[in-house]
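Spelled out, the chains give:
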Amino acid sequence: MKYFFLSEGWAVARVWASDGLWQITAWRRQPDIQRMNICIVENELLWLYRVEEAVLTVEVKPTTPVIASQTIGQVVLKRLMSAEQVIERLGTAETKCQLQNIQLVVQ
């Protein structure tokens, strides 16, 4: 798995794999990209996302016109993080965790 942090108010747009832009018809599915229930606080909330290994690059865009008018229009993330890099980053940041099922943590 690979990971990236994304500001609240931003969403995933296009996705690239090793053979180019992700084609739903070729892969027969959407790319596996999931927002985790962990975020860090750095003047804003940065949510942790998990992506499948086949994903190489992710384009993200603001979801609201207000954010879009105050920032750049899109960003392409080319350096996705490993699990070790995420743990290191979480260890140095103010981190929040939203637990919906405590049993998943204590097992």
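Just so you know, the residues in each chain are numbered from 1, in the order the chain's sequence is written. Under the rules for a predicted model, residues below a pLDDT of 70 receive no local features and side-chain atom pairs below 80 are neither given nor counted, while totals for whole chains, interfaces and linings still include all residues. Remark: hydrogens and water are excluded; side-chain values derive from all non-hydrogen atoms of the structure.

How should I be thinking about the pairing of strand E1 (residues 2–7) in this particular structure?
Residues in a regular strand point their side chains to alternate faces of the sheet. The rule is simple: take the accessible area with a 1.4 Å probe, protein chains only, and divide by the maximum for that residue type; under 20% is buried, over 50% is exposed, in between is partly exposed. In this text, helices come from DSSP runs of H or I with a minimum length of four residues, and strands from runs of E with a minimum of two, each type numbered from the N-terminal end. Here E1 lies mainly inside the structure; 6 of its 6 residues are buried. Here E1 shows a buried face lined by Lys2, Phe4 and Leu6 and a second buried face lined by Tyr3, Phe5 and Ser7. Two strands make a pair as long as DSSP finds a minimum of two bridges between them. As paired elements, E1 and strand E5 (residues 45–51) share 6 bridges and run antiparallel to each other. Within E5, the position partnered with Phe5 by the bridge is Leu48.

In this structure, what is going on with the environment of Phe5? I would like to understand it.
Position of Phe5 relative to the elements: it lies in strand E1. The class of Phe5 is buried, set by a relative accessible area of 17%. Residues Phe5 and Leu80, spaced 75 residues apart in sequence, show a C-alpha to C-alpha distance of 9.1 Å. A contact between two residues is defined here by any heavy atoms of the two lying within 4.5 Å. Excluding anything up to four places from it in sequence, Phe5 contacts Ile40, Leu46, Trp47, Leu48, Met81, Val86, Arg89 and Leu90.

Could you clarify how one ought to interpret the sheet that holds strand E2 (residues 10–17) in this entry?
Where strands meet in a sheet, backbone hydrogen bonds hold them as pairs that are either parallel or antiparallel. Strand order across the open sheet formed by 4 strands is E3-E2-E6-E7, with antiparallel pairing between neighbours. Each end of this open sheet is capped by a strand with a single partner; those strands are strand E3 (20–21) and strand E7 (75–77).

Explanation requested: the side chain of Glu59 in the structure shown.
Tracing the sequence through the fold places Glu59 in strand E6 (residues 57–62). Judged by relative accessible area, which is 1%, Glu59 ranks as buried. At a separation of 3.1 Å, a polar atom in the side chain of Glu59 contacts the side chain of Gln74. Each polar contact in these results corresponds to two N or O atoms within 3.5 Å; when the atoms are within protein, one needs to be able to donate a hydrogen and the other to accept it, and residues that are neighboring in sequence are counted only if both atoms are side-chain atoms.

Note that all results are geometric; they support no functional claim without further evidence.
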